Structure formats: C-alpha cells, structure tokens
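Topology and contacts: notes
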Amino acid sequence: DAWTPTQRSQIKSSILTLGLNYGLSGYTTGAWWTGKRQLISGNWNCVCNAGMTIGALAILGDDTTGVAEKILGYTIPNANENCVFGPSSDGTWTETPNYWYFGTTGHAEMTSALITATGSDYGMLSVNPNFNLTGLFHIYSLGMTSLFDFADAGPNKYSSTANGMMFYAEQYGIPMYMLHQRDHFDALSDPW
C-alpha cells in the first residue's frame, strides 16, 4: 500500500522480467538447480525455489500474464521433491554447516511465505518426516564461537542467519531450537 501505482507496476514488471520469466524457462528446460534429489537436494534448490515462490506470491493478485501462478505450479512440487530432502533421516544436512544456513534459510522463507499468503505449507514441513531434526545438526555442529570446520565450512562465511531455527521451533513445537538460537552469536539481524 505504500507504493504508488507506477512504482507497483515497475516492481511487478521487474519481478516478472528479471526473475520469474527466467525461472519459468529454467523449470521448463530442466535447469540444473531443478534436478532430482540425488543430484541437487539442499541449498541451491531451496534458495532458487524460495526466490521464485516469494516473487510469485508478491505479485500473484496483480499478475495478468499468469506467470506467477505457473511458477507456483513448479516451485512447490520441485521443492517437495528436492529441497525438503536436504536433511537426511537424522537431520544432518547433505552439505556442510555453512550450506545448512543457506538451504534452511531458503526453506524457512519459502514455507513461511506460503503459510502467510495461503494458509498452507503445501507439505514443506512434512514431506520429509525427519526435516524437524535438522535443527539438531545446527546445534551439534556449532560451538560457542564458530562452526565445526570441515570441507568448505569455516568462520565468517555466513550467507544467511540461522534464524530459521525460530520458525522451526514454532512450527515443529521444539522450543529448544528457539532457546538455542536467541542466545547464539549467529542470531544476527535479519531483514525478514
């Protein structure tokens, strides 16, 4: 409501031409980040699907091209086939702790946006029955001042915060996640 009609039109046009149209092309041509779970579960799939979903939801009611609705027809099933399987059966992320940040941020933002805009998580919290355990991976791979440093993990490489832990605490009913996150060094300010 704060934008003028001209600003709204420009923003919608930018979301479509600079984001969603490219995303739609990626889904229809089989871009690498849309791949099968064995190839691309985890961070890239979560982040790409989240960005496309949030962009589509932002303009859904105003999009006369139908692209936003088409995108949601791709992002939700694709994330449920790939992104949600970033955590394994014990909650361990398929990649290093740094990529846990990136992937779970995408997953939490996408899922929260779907819940907020539509009232449903579309299975994002339940398709992988062990996704709720991924907060334990974060807790166990984190010390008082830094991450357990293996592979390409290490200090000062954060691409996002672990504030998805707050969302998971609420959605899964695991208060330990919120308690852990609120007092930890990686609870940085987050614009979301």
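Overview of the structure. Numbering of residues starts from 1 in each chain and follows the order in which that chain's sequence is written. Residues qualify for local features only when their pLDDT is at least 70, as the model is predicted, and side-chain atom pairs are given and counted only at 80 or more; totals for whole chains, interfaces and linings, by contrast, use all residues. Working from all heavy atoms in the structure, the side-chain values ignore hydrogens and water.

What follows covers helix 3 (residues 43–59). Only runs of H or I of at least four residues qualify as helices and only runs of E of at least two qualify as strands under DSSP, and these elements are numbered from the N terminus. What a helix should span is 1.5 Å times the count of its residues minus one. The terminal C-alpha atoms of helix 3, which comprises 17 residues, lie 25 Å apart, in line with the 24 Å expected from a rise of 1.5 Å per residue. A large share of helix 3 lies buried, amounting to 12 of its 17 residues. Categorising residues by exposure relies on relative accessible area from a 1.4 Å probe, with only protein chains included: less than 20% of the type maximum marks a residue as buried, more than 50% marks it as exposed, and the intermediate range marks it as partly exposed.

Here the focus is the side chain of histidine 107. Take histidine 107: it is sitting in helix 5 (residues 97–118). With residues near it in sequence (within four places) discarded, histidine 107 still touches Cys46, Cys83, Val84, Met124, Leu125, Phe131 and Tyr168. Any pair of residues with heavy atoms lying within 4.5 Å of one another is described as a contacting pair.

Here we come to the environment of isoleucine 71. As for its position among the elements, isoleucine 71 is in helix 4 (residues 67–81). As a C-alpha pair, isoleucine 71 and glycine 55 span 16 residues in sequence and 9.3 Å in three-dimensional space. Among all residues touching isoleucine 71, those that are not within four sequence positions of it are Leu20, Gly23, Leu24, Tyr27, Met52 and Ala56.

Take the packing of aromatic side chains next. Note on aromatic pairs: the rings of Phe, Tyr and Trp (six-membered ring only in Trp) are paired at centre separations within 6.5 Å, and the planes decide the class, stacked below 30 degrees, edge-to-face beyond 60, tilted for the rest. Applying the stated rule across the entire model yields five aromatic pairs. Seen in terms of ring centroids, tyrosine 27 and tyrosine 74 are 5.4 Å apart; in terms of plane orientation they differ by 15°. Their pairing is stacked. Here tyrosine 74 lies in helix 4 and tyrosine 27 lies in helix 1 (residues 5–29), a separation of 47 residues in the sequence. Overall, tyrosine 27 belongs to the buried group, its relative accessible area being 9%. Centroid distance tryptophan 100 to tyrosine 101: 5.6 Å. Interplanar angle 85°. Geometry classified as edge-to-face. As far as burial versus exposure is concerned, tryptophan 100 and tyrosine 101 are alike and both buried. Three or more aromatic residues joined by ring pairs make a cluster, and in this case those are Phe131, Phe167, Tyr168 and Tyr172.

Relative orientation of the contacting elements helix 3 and helix 5 amounts to 30°, with a least axis distance of 8 Å. Here helix 3 is positioned roughly parallel relative to helix 5, judged by the angle of their axes. Where helix 3 crosses over helix 5, the two elements pack in a sense that is left-handed. Listed contacts from helix 5 to Asn43, Cys46, Val47, Asn49, Ala50, Thr53, Ile54 and Leu57 of helix 3 are Tyr99, Phe102, Gly103, Gly106, His107, Glu109, Met110, Ala113, Leu114, Ala117 and Thr118. Residue classes in the contact of helix 3 with helix 5 are distributed as 11 nonpolar, seven polar and one charged. Axis lines are fitted through C-alpha atoms, for helices just across the contact stretch, and the angle between N-to-C directions can take any value from 0 to 180 degrees. In these notes the angle categories are as follows: under 35 degrees is roughly parallel, over 145 is roughly antiparallel, 65 to 115 is roughly perpendicular, and the rest is oblique. When the near helix sits turned anticlockwise from the far one by under a right angle, the crossing is termed left-handed; a clockwise turn instead gives a right-handed crossing. Amino acids are sorted into nonpolar (Ala, Val, Leu, Ile, Met, Phe, Trp, Tyr, Cys and Pro), charged (Asp, Glu, Lys and Arg) and polar (every other residue, Gly among them).

Any functional reading would require information that these geometric values do not contain.
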